[in-house]
Amino acid sequence: MKLDREMEMLLDEIPLLHHGDFLGCGEPAAATESYADFDFSYLIQELGEMGFVDEDDDEEDENGELSSFLYPRKASSSPTSNLHFMDAENFVASRPFSTDRRREMSLFDPFPFSSTCFDAAATVDWDLQAAPPLRSRPSKTSRPRKATSPNKCAAAKPSKYESLVGLRGYMYHVAKDQHGCRFLQQRLDDGKREVDFIFAGVARHAVDLMVNPFGNYLMQKLLAVCDEEQRMGIVLTLTKEPFVLVRISLNVHGTRAVQKLIESLRKREEIQLVVAALRPGFLELIKDPNGNHVVQKCLQSFGSDDNKPIFDAAAIYCLDIGMQCHGCCVLQRCIARSTGEHKEKLVAAIARNGFELAQDAYGNYVVQYVIELKVAGANASLAQQFEGKYVQLSMQKFSSNVVEKCLKVFKEADRVNIILELLAAPHFERLLQHPYANYVVYAALQNSKGSLHSALTNAIRPHVELLRTSPYCKRIYSRALLKK
């Protein structure tokens, strides 16, 4: 604040400064004559003490006058000399615009604004640098929009496809485009003429289109509206080379198209061609998350005689199929869809491998399914395999479920054998406390009666105190069961 007050006092002593003539922007000749006798030495000294002008920069000319103050001078070497007074006729750029000392213009440097000053600046080639352009604010319309679904996008944006005639020779490429595929599907509803035209353009490319993310939808629609002759042509295209139909069925897009093909088949010849084409890859298809749906669609759509190759393959590979997550479901579907000789053969094959399947995470479901069928021969075969091993099976996570099913479904004689084997265990109390075997003991209590039930409860009562503290014995400790 003190510095500002002193500066105001010094500026009040310079009359011409208020009119702008002292900077050489008014009438230069008059300003020079009127103030040539004015003594600025004390002013320069005060400004030097304040840091605005160095006293060493003020040189006198031959007449002893302050030529650097009133008249133009060369670029000063002092870094602090910012205030220069000059006339317009002999105007020379001050240091901020000097070609000798280039730097960016300071906010406090003198800047002449009259037209005369700008003309003079042009003669000495000022080094003026343009200010960087201001960065404009992003408009609201430039913000990224949220992604829209293909259906909404198609509704908002008019289709570039208008006529089928213009697509002649390019139908295959159009079918692989999202909007082109939708356009062709819509035209399939127009009539037989459009169906024939589209079929002629894409039928020979059926293999590639069925596995295409967009083309598979066109093929599904085409299979639903084409006639028998055209459908037979597609079947021949898909089955003329081995494993082509299997490869399509394993594809995430192709599996849908093949299932649609299977649904549309009507002639026995077509069905036989498709089943024969799938049979070499049956084991791979049934284990695949996509291919297993194709096999199940065959079982659902075709008759028992048409599915005979599938039933035969399932009986041969039942152990391998039954121990796989997708295979165990297909194997149960095969049993459900088969009849007569085919079903007996398949059930017998599973029963022969019952002991291995019962201990598997997925195979145990197949064995339980077979037990519930109550086929005498199959259950007898399973009982024979499990005999002497019920304690071992009861203490395993998956096979314990099979033993429970045996206690519920098997004949009375077989259930007696199971319970007696459990009672004959060297350490019966271990079965009571076991995380899996305790469920088998509980099932034995539920499915026994008479003297056999009394023998079972008598074997449990000595371990009542153990049952109270064990976390796995709450069901067995039930009073209702012990009083039965």
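None of the values given here were measured: they were computed from a predicted structure.

What counts and how
Residues numbered from 1 in each chain as written. Predicted model: local features only at pLDDT ≥ 70, side-chain atom pairs only at ≥ 80, totals over all residues. Heavy atoms only, no water. Helix = DSSP H or I, 4+ residues; strand = E, 2+ residues; numbered from the N terminus. Contact = heavy atoms within 4.5 Å. Areas by Shrake-Rupley, 256 points an atom, 1.4 Å probe, with all protein chains shown as cover. Buried < 20%, exposed > 50% of the residue type's maximum accessible area, 1.4 Å probe, protein only. Axes fitted to C-alpha atoms, helices over the stretch in contact; angles between N-to-C directions. Left-handed = near helix turned anticlockwise from the far one by under 90°. Nonpolar A, V, L, I, M, F, W, Y, C, P; charged D, E, K, R; others polar. Core = buried A, V, L, I, M, F, W, Y, C linked by side-chain atoms within 4.5 Å. pLDDT = per-residue confidence, 0-100. Phe/Tyr/Trp six-rings, centres within 6.5 Å; stacked < 30°, edge-to-face > 60°. Lys NZ or Arg CZ within 6 Å of the ring centre and 35° of its normal. Salt bridge = Lys/Arg side-chain N within 4 Å of Asp/Glu carboxyl O. Disulfide = S-S within 2.5 Å. Parallel < 35°, antiparallel > 145°, perpendicular 65-115°, else oblique.

Colleague: Explain the overall build of the protein chain to me, please; I cannot follow it from the model alone.
Modeller: Helix and strand counts for the protein chain stand at 32 helices and 0 strands. Within the protein chain, counting contacts between residues at least 6 apart in sequence, those at least 24 apart form 65% of the total. Of the roughly 27,700 Å² of accessible surface on the protein chain, 51% is carried by carbon and sulfur atoms.

Colleague: Explain the environment of Leu188 here, please?
Modeller: Counting through the fold element by element, Leu188 comes out in the loop between helix H8 (178–187) and helix H9 (192–202). The class of Leu188 is buried, set by a relative accessible area of 4%. Contacts of Leu188, omitting those with residues within four sequence positions, involve Val195, Ile198, Leu218, Lys221, Leu222 and Val225.

Colleague: Explanation requested: the packing of helix H20 (residues 325–337) against helix H21 (residues 340–352) in the structure shown.
Modeller: The relative placement of two packed helices is expressed as an angle between their axes plus a distance between the axes. Interhelical geometry of H20 versus H21 gives an angle of 145° and a closest axis separation of 8 Å. The crossing of H20 and H21 is left-handed. From H20, Leu331, Cys334 and Ile335 reach across to H21, where they touch Lys343, Leu346, Val347 and Ile350. Here the residues of the contact of H20 with H21 sort into 6 nonpolar, no polar and 1 charged.

Colleague: Would you explain the nonpolar core in this entry?
Modeller: Note on soluble globular proteins: their nonpolar side chains tend to be buried together. Core analysis: the biggest nonpolar cluster contains 101 residues, and Leu184, Leu238, Ile350 and Phe386 have the highest contact counts within it. Looking at this core, the element that brings in the most residues is helix H29 (residues 437–446), giving 6 residues.

Colleague: Quick question: what am I supposed to make of the confidence of the model for the protein chain here?
Modeller: Detailed reading of predicted coordinates is not advised where the pLDDT is low. This prediction gives the protein chain a mean pLDDT of 75; 63% of its residues lie at or above 70. In this model, residues 146–158 is a region of pLDDT below 50 whose contacts with residues beyond four sequence positions or in other chains number 7 contacts.

Colleague: Sorry if this is basic, but what is going on with the packing of aromatic side chains here?
Modeller: In the structure shown here, the tally under the stated rule is 1 aromatic pair. Seen from their ring centres, Phe386 and Tyr390 are 6.3 Å apart, and the 75° between their planes marks the pair as edge-to-face. Overall, the relative accessible area of 3% leaves Tyr390 in the buried class. The lysine or arginine in question, Lys389, covers the ring of Phe355, its NZ or CZ lying 4.3 Å from the ring centre.

Colleague: In this structure, what is going on with helix H26 (residues 399–409)? I would like to understand it.
Modeller: One full turn of an α-helix is made of 3.6 residues, so residues set three or four places apart face in the same direction. Taken across its 11 residues, H26 has 8 buried, putting it largely inside the fold. Among the residues of H26, those classed as buried are Ser399, Ser400, Val402, Val403, Glu404, Lys405, Cys406 and Leu407. As for H26, its buried residues are in contact with helix H22 (354–358), helix H23 (363–373), helix H24 (376–386), helix H25 (390–394), helix H27 (412–423) and H29.

Colleague: I'm lost on the pattern of salt bridges in this one. Help?
Modeller: A pair can form between side chains of opposite charge whenever their charged atoms are brought close. On inspection of all chains with the given rule, the structure shows 14 salt bridges. A salt bridge links Arg231 to Glu270; the shortest N-O distance between them is 3.6 Å. Of this pair, Arg231 sits in helix H12 (residues 228–239) while Glu270 sits in helix H15 (residues 268–278), and the two are 39 residues apart along the sequence. There is no split in this pair, since Arg231 and Glu270 are both buried. With its nearest N and O atoms 2.5 Å apart, the salt bridge here joins Arg415 to Glu412. One end of the pair is Arg415 and the other is Glu412, both in helix H27 and 3 residues apart, which spans about a single turn. Accessibility expressed as a relative area gives 37% for Glu412, which makes it partly exposed. It is possible to trace a salt-bridge network through shared partners that takes in Arg187, Asp190 and Glu194.

Colleague: Help me out: how do you make sense of the state of the cysteines in this one?
Modeller: What we call a disulfide is simply a covalent bond connecting the sulfur atoms of a pair of cysteines. Considering all chains together, one arrives at 0 disulfides under this definition. Summary of cysteine pairing: Cys328 is not part of a disulfide, and the nearest cysteine sulfur, belonging to Cys329, is at 4.0 Å. Residue classification places Cys328 among the buried positions, given a relative accessible area of 5%.

Colleague: What exactly am I supposed to notice about the packing of H23 against H24 here?
Modeller: Axis separation between H23 and H24 bottoms out at 8 Å; the angle between their running directions is 130°. By the criterion of interaxial angle, the relationship of H23 to H24 is oblique. Where H23 approaches H24, its residues Val367, Val370 and Ile371 are matched on the opposing element by Ala378, Asn379, Leu382 and Phe386. Residue classes in the contact of H23 with H24 are distributed as 6 nonpolar, 1 polar and no charged.

Colleague: Would you mind showing me how to read unusual backbone geometry here?
Modeller: At Phe243, a residue that is not glycine, the phi angle is positive and equals roughly 70°. Accessibility expressed as a relative area gives 48% for Phe243, which makes it partly exposed. In this model, Lys374 sits at a positive phi of 60°, which is unusual for a non-glycine residue. Here Lys374 is to be found in the loop between H23 and H24. Take Lys374: its relative accessible area is 59%, and that puts it in the exposed class.

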